[in-house]
Amino acid sequence: MTRGPAPRPWRVVVGSDEAGFELKELLAVELRGDARVAEVRDVGVVASQSRDYPHVAVEAARLVAAGEVDRALLVCGTGLGVAIAANKVSGVRAVTAHDSYSVERSVLSNDAQVLCLGQRVIGPELARRLVREWLGYRLDPTSPSGPKVEAICAYEPPGVPEAPRAPH
Ligand code: RB5
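Residues numbered from 1 in each chain as written. Predicted model: local features only at pLDDT ≥ 70, side-chain atom pairs only at ≥ 80, totals over all residues. Heavy atoms only, no water.

Novice: Outline the site of the ligand, supporting the account with residue identities and numerical values.
Specialist: Around the ligand, a shell composed of Asp17, Ala19, Tyr53, Cys76, Gly77, Thr78, Gly81 and Arg120 is seen. For the ligand, an oxygen atom lies 2.6 Å from a polar atom in the side chain of aspartate 17. A distance of 3.0 Å separates an oxygen atom of the ligand from a polar backbone atom of threonine 78. Taken by itself the ligand offers 290 Å² of open surface, and the protein chains cover 67% of this. Its residues assigned to classes, the shell around the ligand comprises 3 nonpolar, 3 polar and 2 charged. (Near = heavy atom within 4 Å. Polar contact = N/O pair within 3.5 Å; in protein donor to acceptor, adjacent residues only side chain to side chain. Areas by Shrake-Rupley, 256 points an atom, 1.4 Å probe, with all protein chains shown as cover. Nonpolar A, V, L, I, M, F, W, Y, C, P; charged D, E, K, R; others polar.)

Here it is, written out as C-alpha cells:
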C-alpha cells in the first residue's frame, strides 16, 4: 500500500444564529479537541446575541471562498436557512445533512465545504458523530465525482474568483 503525505489539518469556521447556538458551541468544542483540526474560528453568535442566520452564514462562507478556512460548520434551527444563505457565496457548496451517508456523499460526491445542521432536528450525540465522520472525508478529484463538481463550478458567474478546490 502506498501512503502519501499526511493530509493538512483542517481550518474550520463555525457559526450559528440563536436557534443553533448551543449545538454550535458543543461542536466547536468537539472540533477543538480533534487532532485533525488545526484551527477553529467562530463567527458567532455569542451567548445572548441576536443575529439572523443569513448574515452569519454568509460571513462564514466568505471565509471559505477566500481560502482563509477550509470548511464551515453552520447551525440554525433546521440547518436549512444557513445552507441557502451560504450557497449565495460564489464557489461555496453548502449542504444540510443529518445522516451519515449524506454527510459522506456531501464531500465524496459534491465536495461540499460547508455542513449545515439543525439544532431543532438532530440530537447532540449524533451531531458530534457526524462531525467526526465529516472530518475524515476528502474528495478525490480524480474520482468520477471530480468532473461533476467541475461542472457545478462552471456554472458560477464569470469573473468571480473561485474558492479553493479539493485537495485543500
Ligand atoms: C429561527 O430564525 C429559524 O428560522 C432559523 O434558525 C432557521 O431554522 C432557518 O432556516
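Anyway, onward from the coordinates.
Novice: I'd love a proper account of the sheet that holds strand β1 (residues 10-16), names of residues and values included.
Specialist: Read across the open sheet, the 5 strands follow the order β2-β1-β3-β5-β4; overall the sheet is parallel. At either margin of the open sheet sits one strand with a lone partner, and together these are β2 (37-42) and β4 (94-96). For this sheet, the mean inter-axis angle between neighbouring strands, taken without regard to orientation, is 20°. The pairing of β4 with strand β5 (residues 114-118) spans 3 bridges and is parallel. Within β5, the position partnered with alanine 94 by the bridge is valine 114. (Pairing = 2+ DSSP bridges. Helix = DSSP H or I, 4+ residues; strand = E, 2+ residues; numbered from the N terminus. Axes fitted to C-alpha atoms, helices over the stretch in contact; angles between N-to-C directions.)

Novice: Please set out the side chain of aspartate 70 residue by residue, giving values where relevant.
Specialist: Tracing the sequence through the fold places aspartate 70 in the loop between α2 (53-65) and β3 (71-76). A distance of 2.7 Å separates a polar side-chain atom of aspartate 70 from the backbone nitrogen of arginine 11.

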